[in-house]
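Here's the letter readout for the chains.
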Amino acid sequence: MPKIKDITCHKVLNSRSEWTIETRVELDDGAVGTQTVPDGASTGENEALHLEAQKAAAVVNDPLKDLLVSKNPFNQLEIDTLMIDMDGTPNKRVLGGNSILSVSLAVSNAAAKSLNLQLFEYLHVLYKNNSVFKPAYSKMGSINFPTPVFNILNGGKHADNDLSFQEFMVIPAKTTPYPKQLEMGVFVYNSLHKLLVSQGYESGVGDEGGFAPQGFTTKKALTTIKQAVEEVRVDGEKNNRLVLGKDLFLGMDVAAESFHVGDRYEIKEESLKLDHAQLSSYYGDLLQQYPIIYLEDPFYENDIEGWEHFYQNYKQKVMIVADDLVVTNAKYLKAAIKKNLASAVIIKPNQVGTVSETLDFIRLAKSADMSTIVSHRSGDTPEDTFISDLAVAVEADFIKSGSPARGERVAKYNRLLDIFDNFFGS
Ligand code: PGA
Ligand code: ZN
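Bear in mind the structure is a predicted one, so any value in this text is a computation, not a measurement. (Residues numbered from 1 in each chain as written. Chains lettered and ligands numbered in written order. Predicted model: local features only at pLDDT ≥ 70, side-chain atom pairs only at ≥ 80, totals over all residues. Heavy atoms only, no water.)

**Q** Before we go on, may I ask you to explain the overall build of the protein chain in this structure?
**A** When helices and strands are tallied, the protein chain shows 13 helices and 14 strands. At 21 Å, the protein chain has a C-alpha radius of gyration in line with the 22 Å of a compact globule built from 426 residues. Taken along the three principal axes of its C-alpha coordinates, the protein chain extends 60 × 50 × 40 Å. For the protein chain, the proportion of its 426 residues judged to be buried stands at 59%. Contacts in the protein chain between residues at least 24 apart in sequence constitute 70% of all its contacts with a sequence separation of at least 6. Summed over its atoms, the accessible surface of the protein chain is roughly 16,400 Å², and 48% of this surface lies on carbon and sulfur atoms. Averaging the coordinates of the 43 positive side-chain charges in the protein chain and doing the same for the 57 negative ones gives two points 3 Å apart. (Helix = DSSP H or I, 4+ residues; strand = E, 2+ residues; numbered from the N terminus. Rg over C-alpha atoms; globule rule 2.2 N^0.38 Å. Buried < 20%, exposed > 50% of the residue type's maximum accessible area, 1.4 Å probe, protein only. Contact = heavy atoms within 4.5 Å. Areas by Shrake-Rupley, 256 points an atom, 1.4 Å probe, with all protein chains shown as cover. Lys, Arg positive; Asp, Glu negative; His and termini not counted. Charge placed at Lys NZ, Arg CZ, Asp CG, Glu CD.)

Written out as structure tokens, the structure is:
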């Protein structure tokens with residue numbers, strides 16, 4: 001049985017020119033796992049706390065290394081529990097959620113390498129076996145492959161424009177195979193680019209690769225995306241079109257945390273200051289006009305009444321997705337399930353800080369019949385494709401990795417292509 005031989009960590013850059021960390025875990029059989037850590041901009045207040053990169057690297061290089069050298073890398077639960085206990089705080093503020101996460105993920109990467117398994121295969125076994133690797137596992141057969149959610153127009157904290165809502169997304173029909181879904185995303189992205197330029201708008205992009213034009217409102221964004229879909233000619237063929245509401249649907253990550261002021265929601269570009277009932281009606285109006293199937297963080301995390309009423313009234317009409325509300329933490333998810341606040345959850349390992357806690361959260365969400373969406377962060381790195389393997393391993397319903405552009409976004413989509421074509425293709 002191999003053991004952890006060495007752990008080292010250093011600073012590297014993310015896609016937003018911020019410092020993050022990269023951790024390297026080496027086993028005594030020579031297997032090596034490396035892992036960088038992403039960072040969010042619109043973070044939930046209960047997320048694991050990230051230390052400044054230099055401090056986080058020092059934590060990995062000293063106390064975490066001492067804690068874990070000679071431990072069994074196949075017992076992910078033990079590795080994670082040791083770090084959680086050493087930290088001793090609910091939000092990992094002593095050792096840092098980023099330090100702990102980088103080690104947790106790098107250990108699983110190294111363990112998969114040691115067994116000569118693909119990372120998604122290894123994570124699947126952890127997922128099925130309470131985060132401990134069992135040698136007698138069965139290979140994954142045909143699976144429910146995650147559907148990509150493409151964020152093609154950016155606002156909120158991810159762009160310097162005046163759109164209050166953070167993400168405007170297109171979502172291919174779930175029945176379409178992944179490579180075709182990806183092609184659809186690319187067609188619509190390029191069509192939107194052309195349309196914006198033809199209308200005299202800037203074609204610069206936001207943090208997640210979606211366009212970030214000035215002078216847009218929510219409706220203008222949705223209408224422009226609708227038009228971009230209508231103008232697609234698949235492979236340049238005149239009669240080969242994409243139909244919104246059939247081939248593709250719309251979604252939004254409102255990230256309401258970023259524009260609530262007190263108990264009001266300020267949609268500045270429309271000079272609106274809405275309470276939660278008025279914001280619900282605002283959404284209701286959009287749901288009638290556009291084929292929106294996905295609405296993430298429609299209210300900020302402490303507006304429980306807003307969530308409750310919206311869920312009661314709209315759960316049949318749209319998937320209501322919780323991100324900042326539950327922060328990949330089973331404790332907050334339990335409360336959301338009890339109060340009936342959402343029908344789907346975002347999964348971002350760096351919100352909670354370990355592989356085991358992330359897998360616990362996913363098991364709980366699935367047991368409550370919630371849809372699952374594995375997600376990148378707005379500050380991300382091209383080296384990190386962990387979420388692609390994770391989404392496949394747990395058969396997540398969706399994966400969010402921004403637009404099909406920018407290296408750090410594309411890396412995740414390409415890794416999924418690699419997995420699909422080489423392990424699940426026809
Ligand atoms: P973040 O945004 O990574 O900046 O938090 C992503 C999201 O809100 O889903
Ligand atoms: Zn979100």
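There's more to say after this.
**Q** So what exactly am I meant to see when it comes to the UniProt feature "binding site: Mg(2+)" (unreviewed entry) in the protein chain here?
**A** The UniProt feature table records "binding site: Mg(2+)" (unreviewed entry) at Asp253, Glu296 and Asp323. Spanning 71 residues, the named residues form one tight spatial group whose C-alpha atoms are at most 9.2 Å apart. The topology assignment puts Glu296 in strand E10 (residues 292-296). With residues up to four places along the chain from it excluded, the contact list for Glu296 reads Met252, Asp253, Val254, Ala255, Val321, Asp323, Ile346 and Lys400. Among the polar contacts made by the side chain of Glu296, one reaches the side chain of Tyr294 at a distance of 2.7 Å. Once you skip the residues sitting within four places of it in the chain, Asp323 turns out to touch Asp253, Glu296, Asp297, Ile346, Lys348 and Gln351. (UniProt positions renumbered as here; feature names shortened; annotations may be inferred. Polar contact = N/O pair within 3.5 Å; in protein donor to acceptor, adjacent residues only side chain to side chain.)

**Q** Explanation requested: the domain arrangement of the protein chain in the structure shown.
**A** By a widespread convention, an interface's size corresponds to the accessible area lost as its parts come together. Domain assignment breaks the protein chain into domain 1 (4-128) and domain 2 (147-424). Just the C-alpha atoms count here: the centres of domain 1 and domain 2 sit 27 Å apart. Around 3,500 Å² of area is buried between domain 1 and domain 2 when both sides are counted, 55% of it from carbon and sulfur atoms. The interface formed by domain 1 and domain 2 holds 3 salt bridges in total. For Arg377, the salt bridge identified is with Glu47, shortest N-O distance 3.1 Å. The tally of links between domain 1 and domain 2 comes to 29 residue pairs in polar contact (both at pLDDT 80 or more). Take the side of domain 1 that touches domain 2: its biggest share by element is 7 residues, from helix H3 (residues 97-114). (Domains from an automatic or database assignment. Buried area = accessible area lost by both parts, 1.4 Å probe. Salt bridge = Lys/Arg side-chain N within 4 Å of Asp/Glu carboxyl O.)

**Q** Got a minute to help me understand the layout of surface pockets in this structure?
**A** The gaps left among the atoms become clear once a water-sized probe is rolled over them. In this structure, the largest pocket encloses a volume near 310 Å³. What lines the largest pocket is a set of 17 residues, among which Thr34, Asn109, Lys113, Leu119 and Thr385 lie closest to the centre. Looking at the lining of the largest pocket, the elements that each hand over two or more residues are strand E3 (32-36), H3 and helix H12 (386-393). Counting residues per element, the lining of the largest pocket draws most heavily on E3, which supplies 4 residues. Volume-wise, the second largest pocket comes out at about 250 Å³. Considering the residues around the second largest pocket, the lining is formed by 15 residues, among which Pro90, Lys92, Asn329, Val352 and Glu357 are closest to the centre. Within the residue set of the lining of the second largest pocket, elements represented by two or more residues are helix H9 (330-339) and helix H11 (355-367). Here the lining of the second largest pocket is built from residues that sort into 5 nonpolar, 6 polar and 4 charged. Counting contributing residues, the lining of the second largest pocket receives three or more from each of domain 1 (4-128) and domain 2 (147-424). (1 Å grid on protein atoms, 1.4 Å probe; cavity = no way out; pocket = protein on both sides within 12 Å on 5 of 7 lines; lining within 4 Å. Points joined across faces, edges and corners; volume = space filled by probe spheres on them. Nonpolar A, V, L, I, M, F, W, Y, C, P; charged D, E, K, R; others polar.)

**Q** Looking at this structure, I do not really get the packing of H9 against H11. What am I missing?
**A** Each pair of packed helices can be summarised by the angle the axes make with each other and by the distance between the axes. Two numbers describe how H9 lies on H11: the axes approach to 9 Å, and their chain directions differ by 15°. Between H9 and H11, the angle is such that the two are roughly parallel. Read as a crossing pair, H9 and H11 show a hand that is right-handed. Between H9 and H11, the contacting residues are Ala330, Leu333, Lys334 and Ile337 on the first element and Phe361, Leu364 and Ala365 on the second. Considering only residue class, the contact of H9 with H11 consists of 6 nonpolar, no polar and 1 charged. (Axes fitted to C-alpha atoms, helices over the stretch in contact; angles between N-to-C directions. Parallel < 35°, antiparallel > 145°, perpendicular 65-115°, else oblique. Left-handed = near helix turned anticlockwise from the far one by under 90°.)

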